[in-house]
Amino acid sequence: MNIAILGASGRFGRAFTAKLLTNPNYQLTVISRTVRNIFEDSHRVTAKNVDCTNLKDLKGALENQDIVYCAVSGSDLPVIARNLCEIKPKRVIWMSVVGI
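Residues numbered from 1 in each chain as written. Predicted model: local features only at pLDDT ≥ 70, side-chain atom pairs only at ≥ 80, totals over all residues. Heavy atoms only, no water.

**Comments concerning the overall build of the protein chain**
As a reminder of what qualifies: Helix and strand assignments come from DSSP, with helices taken as H or I runs of at least 4 residues and strands as E runs of at least 2, each series counted from the N terminus. We compute the radius of gyration from the C-alpha atoms alone; for a globule the expected value is 2.2 Å times N to the 0.38, where N is the number of residues. Note on classification: 1.4 Å probe, protein chains only; a residue is buried when its accessible area is under 20% of the maximum for its type, exposed when over 50%, partly exposed between these limits.
Check the secondary structure of the protein chain and you find three helices and five strands. In the protein chain, the succession of α and β elements from N to C terminus is β-α-β-β-α-β-α-β. Against the globule reference of 13 Å for 100 residues, the protein chain gives a C-alpha radius of gyration of 12 Å, in line with a compact fold. Dimensions along the principal axes, computed over C-alpha positions, put the protein chain at roughly 30 × 30 × 25 Å. Counting only residues that meet the buried cut, the protein chain has 39% of its 100 residues in that class.

**Points about the pairing of strand β1 (residues 2–6)**
The condition is simple: When the strands point away from the viewer and the path from the first strand over the helix to the second turns clockwise, the crossover is right-handed. When DSSP finds at least two bridges between two strands, those strands are taken to pair.
Counted residue by residue, β1 has four buried out of five residues, so it is predominantly covered. Traced from β1 through helix α1 (residues 11–20) to strand β2 (residues 27–32), the parallel crossover comes out right-handed. Where β1 lies against strand β4 (residues 67–70), four bridges are found, and the strand directions are parallel. Paired with I5 across the bridge in β4 is Y69.

**What to know about helix α3 (residues 77–87)**
In plain terms, the rule: This arc corresponds to the set of directions leading from the helix axis out to the C-beta atoms. The criterion used for residue contact is that any of the two residues' heavy atoms lie within 4.5 Å.
Taken together, the buried positions of α3 are L77, I80, N83, L84 and I87. All buried residues of α3 project into a common sector of 125° when viewed along the axis, lining one side. In α3, the exposed positions that point more than 90 degrees away from the buried face belong to P78, R82, C85 and E86. Of the surrounding secondary structure, the elements contacted by the buried residues of α3 are β1, α2 (55–61), β4 and β5 (92–94). At the C-terminal side of α3, K88 shows a positive phi close to 60°.

**A word on the packing of aromatic side chains**
What counts, and what does not: Stacked, edge-to-face and tilted are the three classes for Phe, Tyr and Trp ring pairs, Trp counted by its six-membered ring, which pair at centre distances within 6.5 Å; planes under 30 degrees apart are stacked, over 60 edge-to-face, the rest tilted.
A full pass over the atoms with the stated rule returns three aromatic pairs. Ring centres of F12 and Y69 lie 6.0 Å apart, and the angle between their planes is 25°; this geometry places the pair in the stacked category. With a gap of 57 residues between them, F12 in helix α1 and Y69 in strand β4 connect regions that are remote in the sequence. For F12, a relative accessible area of 30% corresponds to the partly exposed category. Ring centres of F16 and Y69 lie 4.3 Å apart, and the angle between their planes is 35°; this geometry places the pair in the tilted category. Of this pair, F16 sits in helix α1 while Y69 sits in strand β4, placing them 53 residues apart in sequence.

**A closer look at the side chain of N83**
Mapped onto the secondary structure, N83 falls in helix α3. The buried category is assigned to N83, whose relative accessible area is 8%. If we ignore the near neighbours within four places in the chain, the residues touching N83 are C52, T53, N54, L55 and L58.

Shown next as structure tokens:
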């Protein structure tokens, strides 16, 4: 199963990625503006520095994904939500209010 994690460089995104990597059936695409500072590509992880507010770049990063998990916080959430609605991934899991 191919799973993309938006906001993978954040606190929750890093913990969630580590948890998902315990299942050998998951192929992960970790995405954020600075994710390559934290993750390197491997046989199960593809790290992509992407600004999720850029529709074209986000669409390209989400090709062939079965699930998109959004762990992004901040003022860009409305734009990212609109972009995901435009892209129409197979499945989206949306997390918000981290830390509350």
